Amino acid sequence: MLSGKRIILLTAIYAAGLAFELGGFAAAQPASRGSSIRDCPECPQMVSIPPGNFTMGAPADEEEREGLPENSRGRSVPQHRVTISTAFAIGKYDVTRGEFAAFVRDTGYQSGDKCYIFVHDDQEKRWKFDEQSGHSWRDPGFAQTDQHPVVCVSWDDAQAYVAWLSRKTGHTYRLPSEAEWEYAARAGSPSVRFWGDGRDEACLYVNGADLTYANTFSVVKDNVFQCSDGNVYTSTVGEFKPNSFGLYDMLGNVWQWTEDCWNDNYDGAPSDSAARQTGNCGRRVVRGGSWVNSPRYLRSAYRDGSNTIGYRINLNGFRVARTL
C-alpha cells in the first residue's frame with residue numbers, strides 16, 4: 001500500500017508531466033514548475049524536470065537570421081525529435097564558487113593554477129584570452145563572491161565534483177546530457193531564446209555581451225544586446241529572471257559543460273535523453289554562452305565544442321544533473 005508521501009510524490013510527478021503541444025514541443029505547462037531538491041547544505045539546489053518531448057536544434061533559417069558566422073553554422077542541425085522518457089533533476093543555478101569550495105575543502109582536490117583569462121594585449125591593442133599561471137577558480141581574473149558561478153573549471157574538474165556529490169549523498173549526480181540541457185533550457189519554448197525570439201528584453205534574463213560590456217571593452221555596439229545589465233564579468237546566480245521551469249542563467253553568465261562527446265552536427269544523434277558517447281570524446285559539448293558572448297551565440301540551440309576535457313577558461317562553469 002502506498003504511503004501518503006508516496007501518493008503526493010506520484011501525484012506531483014503526474015501533474016508536472018501533463019503536456020501541451022506548441023510549435024513541435026511537448027512539455028509541462030509553464031506554470032507547473034518541478035519540486036525543489038537539496039540533498040545537503042553544501043549541495044546545489046535542484047529542480048525536478050518532468051518527462052516530455054521536443055524538437056532539438058535550430059531551424060534552417062535561424063542561424064542566418066541571427067547573424068551567426070559561417071564558420072560556426074551547421075552545428076545545431078538537423079533538427080530532430082527527442083523524447084525525455086523519465087523525470088530528472090537539474091541545478092536551479094550554475095554550481096557556485098562557494099559550492100565548489102566546499103568540495104575542494106572536503107577532498108583536497110587540486111584543480112591546477114593555470115586558466116585562460118581575458119586580458120588586454122597592449123602590443124596588439126586588443127582584448128584576448130591568454131592562458132596565465134597563478135589563475136584558477138579562486139582567482140579567475142576578476143572579483144567574485146561565493147554566490148557567483150565557479151569558472152576556470154575543466155570537464156574533468158566537473159566530473160570530480162559530481163562524483164563527490166554522489167558519494168556524499170548516495171544519489172547519482174552527473175553532468176546533464178546535451179538533450180537534457182536543451183530540454184531544460186527551452187522549458188517549453190520553441191523560440192530562439194526561452195523568453196521569445198526578440199532581443200529587447202535580454203537584460204532581464206541573461207548576462208551576456210551588452211552595452212555594459214561594449215563600453216568596458218570598446219567593442220562594436222551593433223554586435224551586443226542593446227541594453228545594460230550592469231555586469232562586466234560574471235553575475236551572481238539568480239540575479240536575472242528564470243525560465244518557465246524555474247531555472248536561472250540557462251543562457252549567458254557562463255558556458256556549461258555537458259556529458260556529450262563533440263560531434264560536428266546532429267547526424268546520428270540519439271532520439272532520447274542519453275548523452276552521445278561517440279565522436280571526439282577528448283572534447284565535450286558546452287552550452288548556453290557566457291558573459292562575453294554576443295546575441296548570435298546566446299540561443300537555446302547553439303552549441304560549441306572547442307574545449308578539451310582539461311581546458312580551463314574564465315567563461316566555463318557547469319550545472320549538475322541528478323537521476324531521480
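Residues numbered from 1 in each chain as written. Predicted model: local features only at pLDDT ≥ 70, side-chain atom pairs only at ≥ 80, totals over all residues. Heavy atoms only, no water.

Asks: Give me the lowdown on the overall build of the chain, citing residues and values where you can.
Replies: Across its full length, the chain carries seven helices and 15 strands. Out of the 324 residues in the chain, the part that is buried amounts to 54%. Considering only residue pairs separated by 6 or more positions, the chain has 72% of its internal contacts joining residues 24 or more positions apart. Accessible area of the chain: about 13600 Å², with a carbon and sulfur share of 49%. (Helix = DSSP H or I, 4+ residues; strand = E, 2+ residues; numbered from the N terminus. Buried < 20%, exposed > 50% of the residue type's maximum accessible area, 1.4 Å probe, protein only. Contact = heavy atoms within 4.5 Å. Areas by Shrake-Rupley, 256 points an atom, 1.4 Å probe, with all protein chains shown as cover.)

Asks: Any details on the packing of aromatic side chains? Residues and values, ideally.
Replies: Scanning all chains against the criterion turns up 28 aromatic pairs. Aromatic pair Phe118 and Trp127: ring centres 5.5 Å apart, planes at 35 degrees, arrangement tilted. Using a relative accessible area of 31% as the deciding quantity, one classes Trp127 as partly exposed. Geometrically, the ring pair formed by Tyr213 and Phe217 is tilted, given 5.0 Å between the ring centres and 55 degrees between the ring planes. Within this pair, Tyr213 and its partner Phe217 are both found in helix α7 (residues 211-217), separated by four residues, close to a single helical turn. Of the two residues examined, Tyr213 and Phe217, each falls in the buried class. The structure contains a cluster of three or more aromatic residues connected by ring pairs, namely Phe118, Trp127, Phe129, Phe142, Tyr213, Phe217, Tyr233 and Trp291. (Phe/Tyr/Trp six-rings, centres within 6.5 Å; stacked < 30°, edge-to-face > 60°.)

Asks: Can you break down the nonpolar core residue by residue, with the values?
Replies: With 49 residues, the main nonpolar core has Phe100, Tyr161, Tyr213, Trp291, Phe318 and Val320 as its most contacted residues. Sorting the residues of this core by element identifies α3 (97-107), β8 (114-121), α4 (155-169), α7 and β11 (255-262) as the ones contributing at least two each. Among the elements that line this core, the one with the most residues is α4, at seven residues. (Core = buried A, V, L, I, M, F, W, Y, C linked by side-chain atoms within 4.5 Å.)

Asks: Give me the sheet that holds strand β7 (residues 88-91): which residues, what numbers.
Replies: With antiparallel pairing, five strands are arranged side by side in an open sheet as β3-β4-β7-β15-β10. The sheet terminates laterally at β3 (36-37) and β10 (173-174), the two strands that pair on one side only. Alignment of β10 against strand β15 (residues 321-323), held across two bridges, turns out to be antiparallel. Its bridge partner being in β15, Arg174 is matched across the sheet by Ala321. (Pairing = 2+ DSSP bridges.)

Asks: Would you mind going over the state of the cysteines in detail, with residue names and values included?
Replies: Per the counting criterion, the structure on display carries four disulfides. The disulfide bridge from Cys115 ends at Cys152, spanning 2.1 Å between sulfur atoms. On the S-S bond that ties Cys115 to Cys152, the torsion sits near -80 degrees, and the link is left-handed. In this pair, Cys115 sits in strand β8 while Cys152 sits in the loop between β9 (126-133) and α4, placing the two residues 37 residues apart along the sequence. Across the pair, Cys152 and Cys115 agree in class, each one buried. Across the disulfide, Cys261 is cross-linked to Cys281 (sulfur-sulfur distance 2.0 Å). When the S-S torsion is 95 degrees, as for the bridge of Cys261 with Cys281, the disulfide is right-handed. Placement of Cys261 in strand β11 and of Cys281 in strand β12 (residues 280-287) is noted, with a sequence separation of 20 residues between them. Residue classification places Cys281 among the partly exposed positions, given a relative accessible area of 27%. (Disulfide = S-S within 2.5 Å.)

Asks: Mind laying out α4, listing which residues take part and the relevant values?
Replies: With 15 residues, α4 extends 21 Å between its outermost C-alpha atoms, agreeing within 8% with the 21 Å of an ideal straight helix rising 1.5 Å per residue. Among all positions in α4, only Trp155, Asp157, Ala158, Ala160, Tyr161, Val162, Trp164, Leu165, Ser166 and Thr169 are buried. Check the buried side of α4 and you find it contacts α3, β10, β11, β12 and β14 (316-318). Backbone nitrogen of Asp156 and a side-chain oxygen of the N-cap are separated by 3.3 Å at the start of α4; the cap is Ser154. Positive backbone phi, approximately 80 degrees, marks Gly170, located one or two places after α4. (Expected span 1.5 Å × (residues − 1). Polar contact = N/O pair within 3.5 Å; in protein donor to acceptor, adjacent residues only side chain to side chain.)

Asks: Outline the sheet that holds β14, supporting the account with residue identities and numerical values.
Replies: Read from one edge to the other, the open sheet built from four strands follows the order β13-β12-β11-β14, with strand pairing classed as mixed. Every other strand in the sheet has two partners, leaving β13 (303-304) and β14 as the edge strands with one partner each. In terms of strand pairing, β12 meets β13 through two bridges, oriented antiparallel. In the sheet register, Arg287 faces β13, and the bridge partner there is Arg303.

Asks: Explain the confidence of the model for the chain to me, using residue names and the numbers behind them.
Replies: Of all residues in the chain, 90% attain a pLDDT of 70 or more, and the chain-wide mean is 90. Low confidence marks residues 1-32, where pLDDT is under 50. Its contacts with residues over four positions away, or in another chain, come to 46 contacts. (pLDDT = per-residue confidence, 0-100.)

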